[in-house]
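Now for the letters of each chain:
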Amino acid sequence: MIRQQAQEMSLRFDSYPENEQFARMAVTAFLMDLNPMVDEMADIKTAVSEAVTNAILHGYEGVIGQVYLVCKKQGADVALTITDYGKGIEDIEKAREPFFTTKPEAERSGMGFAFMEAFMDEVHIASTPGRGTCVEMKKRLQLPVRE
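Worth saying up front: this structure is predicted, and the values here are computed from it rather than measured. (Residues numbered from 1 in each chain as written. Predicted model: local features only at pLDDT ≥ 70, side-chain atom pairs only at ≥ 80, totals over all residues. Heavy atoms only, no water.)

**Examining the environment of S127**
If you trace the backbone, S127 turns up in strand β4 (residues 122-128). Between the C-alpha atoms of S127 and G88, which are 39 residues apart in sequence, the distance is 5.4 Å. Among the polar contacts made by the side chain of S127, one reaches the main-chain amide nitrogen of I89 at a distance of 2.7 Å. Within polar-contact distance, the side chain of S127 engages the backbone oxygen of G132 at 3.0 Å. (Helix = DSSP H or I, 4+ residues; strand = E, 2+ residues; numbered from the N terminus. Polar contact = N/O pair within 3.5 Å; in protein donor to acceptor, adjacent residues only side chain to side chain.)

Below, the structure written as structure tokens:
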């Protein structure tokens, strides 16, 4: 059996809200050759949306900065990293709690990290107040059997 080589793509984009959709679609296009199941792709797109939206809305809070997205694939393994150099998170454990939001006036649900953790196999968050946040996520796909 030949092991598939690792592949990586990276993007850097401005923190405009409409770029969340761009990030989601870029990841989708990059992973399509793996032929993921529809629900697996929906899970990944949701996790990307949540991480990028958090970077845009909470990391930069209306100031335009850069969001960095790296997507790696090797065999059935997918790894995503979303990084911003914005505000950072004061209390990561509190931020991970379902329904916790720092922007209740903006009608945010506070479910971003909960969704990421529900849809991905692993989620790691590193953040330093005043310096930014890095979210790393991994998922193993159920690849179709090839003869």
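Having seen the model, we can carry on.
**Digging into helix α4 (residues 112-119)**
Of the residues making up α4, those classed as buried are G112, F113, A114 and M116. On its buried face, α4 sits against α2 (38-59), α3 (92-96), β4 and β5 (132-140). (Buried < 20%, exposed > 50% of the residue type's maximum accessible area, 1.4 Å probe, protein only. Contact = heavy atoms within 4.5 Å.)

**Some details on the environment of Q66**
In this structure, Q66 sits in strand β2 (residues 66-74). Setting aside its immediate chain neighbours within four residues, Q66 contacts R12, F13, D14, Y60, T83, D84 and Y85. Among the polar contacts made by the side chain of Q66, one reaches the side chain of R12 at a distance of 3.0 Å.

**Remarks on the packing of aromatic side chains**
Within the structure shown, the criterion is met by three aromatic pairs. Relative to F22, the ring of F13 has its centre 6.1 Å away and its plane inclined at 85 degrees; by these criteria the two rings are edge-to-face. Accessibility expressed as a relative area gives 41% for F22, which makes it partly exposed. Ring plane angle 20 degrees and centroid distance 6.1 Å describe the contact between F115 and F119, whose orientation is recorded as stacked. Residue F115 and its partner F119 are both found in helix α4; the two are separated by four residues, about one turn of the helix. For F119, a relative accessible area of 25% gives the class partly exposed. The ring of F30 has K73 sitting right over it, with the charged end atom 4.2 Å from the ring centre. (Phe/Tyr/Trp six-rings, centres within 6.5 Å; stacked < 30°, edge-to-face > 60°. Lys NZ or Arg CZ within 6 Å of the ring centre and 35° of its normal.)

**Quick notes on the confidence of the model for the protein chain**
Per-residue confidence for the protein chain gives a mean pLDDT of 89, with 86% of residues at or over 70. Looking across the protein chain, the model is least confident in α3, with a mean pLDDT of 77, and most confident in strand β3 (residues 77-84), with 98. (pLDDT = per-residue confidence, 0-100.)

**Comments concerning the nonpolar core**
When a protein is soluble and globular, its nonpolar side chains tend to lie buried together. Core analysis: the biggest nonpolar cluster contains 34 residues, and V27, L31, I44, L69, C71, L80 and M137 have the highest contact counts within it. Contacts of L69, omitting those with residues within four sequence positions, involve M9, S10, L11, F13, A23, V27, V48, V52, T81 and I82. (Core = buried A, V, L, I, M, F, W, Y, C linked by side-chain atoms within 4.5 Å.)

**A few points about the pattern of salt bridges**
Across all of its chains, the model carries six salt bridges by this definition. E20 is the salt-bridge partner of R24, the closest N and O atoms lying 2.6 Å from each other. Remark: E20 and R24 occur in helix α1 (residues 19-31); sequence separation between them is four residues, near one turn of the helix. On the basis of relative accessibility, which here comes to 15%, the residue E20 falls in the buried class. The partner of K87 in a salt bridge is E61, and the shortest N-O contact between them spans 3.3 Å. Residue K87 is found in the loop between β3 and α3, and its partner E61 is found in the loop between α2 and β2; the two are separated by 26 residues along the sequence. K87 gets classed as partly exposed once you look at its relative accessible area, which sits at 41%. (Salt bridge = Lys/Arg side-chain N within 4 Å of Asp/Glu carboxyl O.)

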